[in-house]
Amino acid sequence: MGLALVGLAGIYVRALMFTPIERTQGPAQKIFYVHAPVAWAALLAFSVCGLLSLLYLMMRDRKFDLMAAASAEVGTALAVVMLTTGPLWGKPVWGTWWTWDARLTSTLFTFLLFVGYLVLRNALTDFEVRARFSAVLGVMALVLVPFIHVTVYWFRTLHPDPVVLKPDAPSLPSVMLVTLLSSFAVCTVLYIGLVMQRYALAVMQDVREEEAAGGIS
Amino acid sequence: MASSSLFGTALAVARKDLKVEWRTKTAFISSLVFAVLVLAVLYFARDKTSVGDYDLAPGALWVTFTFAGMLGLNRAFLLERENHALDGLRLTPISPTALFLGKVAGNLVFLGVVELVSLPLFILFYDVPIWRQLPTLMVVVALATIGYVAVGTLLSAMVVRTRFSEVMLPVLLLPFLVPPIVSAVQLTWRILALRPLSEMTGWLSLLAAFDIIFFTLSLLLFEAILIE
Amino acid sequence: MASSEPAVRVHEVSRRFGYRWVVRNVSMDIASGEAVMLVGGNGAGKTTLLRVMAGLLKAHKGRIDYRGMVGMVAHHTMMYDALTARENLVFFGRLHGLRDDGRADRLLERLGLGHVSGERIATFSRGMLQRLAIARALLHEPDVLLLDEPLTGLDDAASQIVLAVIAELKARGAALLIATHQLIELASVTARVGYMVSGRLAALEPLPGPDAGAIVSRYRDLVASGV
């Protein structure tokens, strides 16, 4: 966790001070070093949540439920960062805060899906029911995300739009590439660190509740 | 359990649901009135000089079906919650599969009737004389409704256990409706524009794939909802 | 009908809701043809124990062995208001794999509901619903019947019908477990009584006497002895 935070600071410094300004996009391009890796980490978080949900349904081990929840929470937080940095970058570069671009749209729906997941968890009090129901939703969501992506992707390509579309990733100069790649690594470590922290907290809460409730005898 | 008795039991559950619905009629009439209202309100929710009837119609139709269906789905498991009737079901040897199939069948009939009644109204209101394309449109309606109802039945069985089930169902269900409803709108648009079938196969296969995968998935996951 | 093998054997069953254990390490045997009374304050775990025994709730620890089928009468009717008494019974009979062969009508007649079999149960009184719930539980002729407060809210006439049915079932060889607060009425049909104190079965022993007072004071002793 500490490593991730130091890494994050390092990435900021490197991105702001030592990476050259991109010619066409200007300084705004630097937000990209945060945006893309965070997006990657959020997607990773949601996939992990779905897989852990599946594991829970197969093994019925409460650990998997708590981990899935931690991953969904961290993923939702990362998605908020992604969804705010996106428009900040899009305004100067695309000329608009928001565009119904395929990737953006499916990200938005995925984000809302996992907000729903957290809302459902919050509405159920018995931990066993909560674990089972949210695992069912998590598995459904895992299967749904590719469907949503195909849907919005087809929707875009079949209805071309005058708005400037995101250009295909241009080959970056190596300085920028190094910054970007190290940022990806840092965000992944950050995600893992956050999930571990959140999971450890959930386990501690669990142990405390268990003690407060007393055992069988 | 033998397969004949599986479907027999599912049929008994569906018939029971529809009988209860027929006796009370509240949810059905509400859904229908709601559908007519949405169709009418959406007609006026535009600038008529820039958005023509044909442009507005597909979206209006599917927004109407989506929200009218939501009312019906909520009802399906609220019915089992009253007097704890679901416990009564679980005391019998009924399999989760039979219960799921019965519930889905009941919901399909419910939503199907709402759709059948609102389709002619839609054609009249939006002045889209597509009587000849009606069979094609009904195939699309049927495909989209099956996926919708399968996922909706599973999720409604979960949300009735929460405190604010009426609010919770749309929040959880709407993301799942993105693929079927967007496909259905795209297909409806092409049907209204008298496009050839070859332009529809992509969306049709997406719709069919969604139905098969999510019907199976919902069926498999339903048991995990039922045990306590 | 009595046999050495009990009709139901509950073996160290525990169940929790959330983190709280509601039923703790309960073991009991009930023989065929025997009726056991289950007493305890509100929240002592009687209802949860019955629901676990009926299979409505999973036992988180322990297990339950049955000989034959189990039926249950709960606080709620577990039926549909919009259907008639007869339709409800036929529907649940169908789910038990039974044909509509007049069994529903015979049960309605036996429980004194023959004259209202064609009426929607939304209009029924508490006593009628309770008797209908018993009819539903008897559809598949269970060998073990679990009754959760079967006499609550019933007037004297209805209570007499229910007690007669319980005696009849006992004579036929069914095992019964009856959670109740109506001690006097049920003392006439039960031989043993189980005392539940905060989730545990504190004692399971022969009735201390035919009057309610003896059961109540024994229960108070168990509570006071502190578990």
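Shown above is the structure to which this text applies.
Residues numbered from 1 in each chain as written. Chains lettered and ligands numbered in written order. Predicted model: local features only at pLDDT ≥ 70, side-chain atom pairs only at ≥ 80, totals over all residues. Heavy atoms only, no water.

1. A closer look at the packing of aromatic side chains
The geometry of an aromatic ring pair comes down to the distance between the two centres and the angle between the two planes. Residues and elements named next belong to chain A. Scanning all chains against the criterion turns up 19 aromatic pairs over all chains. A centroid spacing of 4.0 Å and a plane angle of 15° characterise the contact between F46 and F114, whose relative ring orientation is stacked. Of this pair, F46 sits in helix 2 (residues 32-59) while F114 sits in helix 4 (residues 102-123), placing them 68 residues apart in sequence. F114 gets classed as buried once you look at its relative accessible area, which sits at 2%. Look at F114 and Y117: their rings are 6.0 Å apart centre to centre, the planes differ by 50°, and that puts the pair in the tilted class. Residue F114 and its partner Y117 are both found in helix 4; the two are separated by three residues, about one turn of the helix. One exposure class covers both F114 and Y117, and it is buried. (Phe/Tyr/Trp six-rings, centres within 6.5 Å; stacked < 30°, edge-to-face > 60°. Helix = DSSP H or I, 4+ residues; strand = E, 2+ residues; numbered from the N terminus. Buried < 20%, exposed > 50% of the residue type's maximum accessible area, 1.4 Å probe, protein only.)

2. Focus: the interface of chain C and chain A
Across the boundary between the two partners, chain C contributes 13 residues, which contact twelve residues of chain A. Summed over both sides, the interface of chain C with chain A buries roughly 1100 Å², with 50% coming from carbon and sulfur. The interface formed by chain C and chain A holds two salt bridges in total. Note that E128 of chain A is salt-bridged to K58 of chain C, the shortest N-O span being 3.0 Å. Viewed at the interface, chain A and chain C are joined by five residue pairs in polar contact (both at pLDDT 80 or more). Residue assignment for the side of chain C that touches chain A shows that the elements contributing at least two residues are strand 1 (8-17) and strand 2 (20-30) of chain C. Looking at the side of chain C that touches chain A residue by residue, the classes come out as three nonpolar, four polar and six charged. (Contact = heavy atoms within 4.5 Å. Buried area = accessible area lost by both parts, 1.4 Å probe. Salt bridge = Lys/Arg side-chain N within 4 Å of Asp/Glu carboxyl O. Polar contact = N/O pair within 3.5 Å; in protein donor to acceptor, adjacent residues only side chain to side chain. Nonpolar A, V, L, I, M, F, W, Y, C, P; charged D, E, K, R; others polar.)

3. Topic: the interface of chain B and chain A
Contact residues are listed per partner, giving 31 residues for chain B and 29 residues for chain A. For the chain B and chain A pair, buried surface summed over both sides reaches about 2700 Å², with 83% attributable to carbon and sulfur atoms. Put simply, chain B and chain A have zero salt bridges between them. Counting across the chain B and chain A interface gives three residue pairs in polar contact (both at pLDDT 80 or more). Those elements that place two or more of their residues in the side of chain B that touches chain A are helix 6 (134-159), helix 7 (165-192) and helix 8 (201-226) of chain B.

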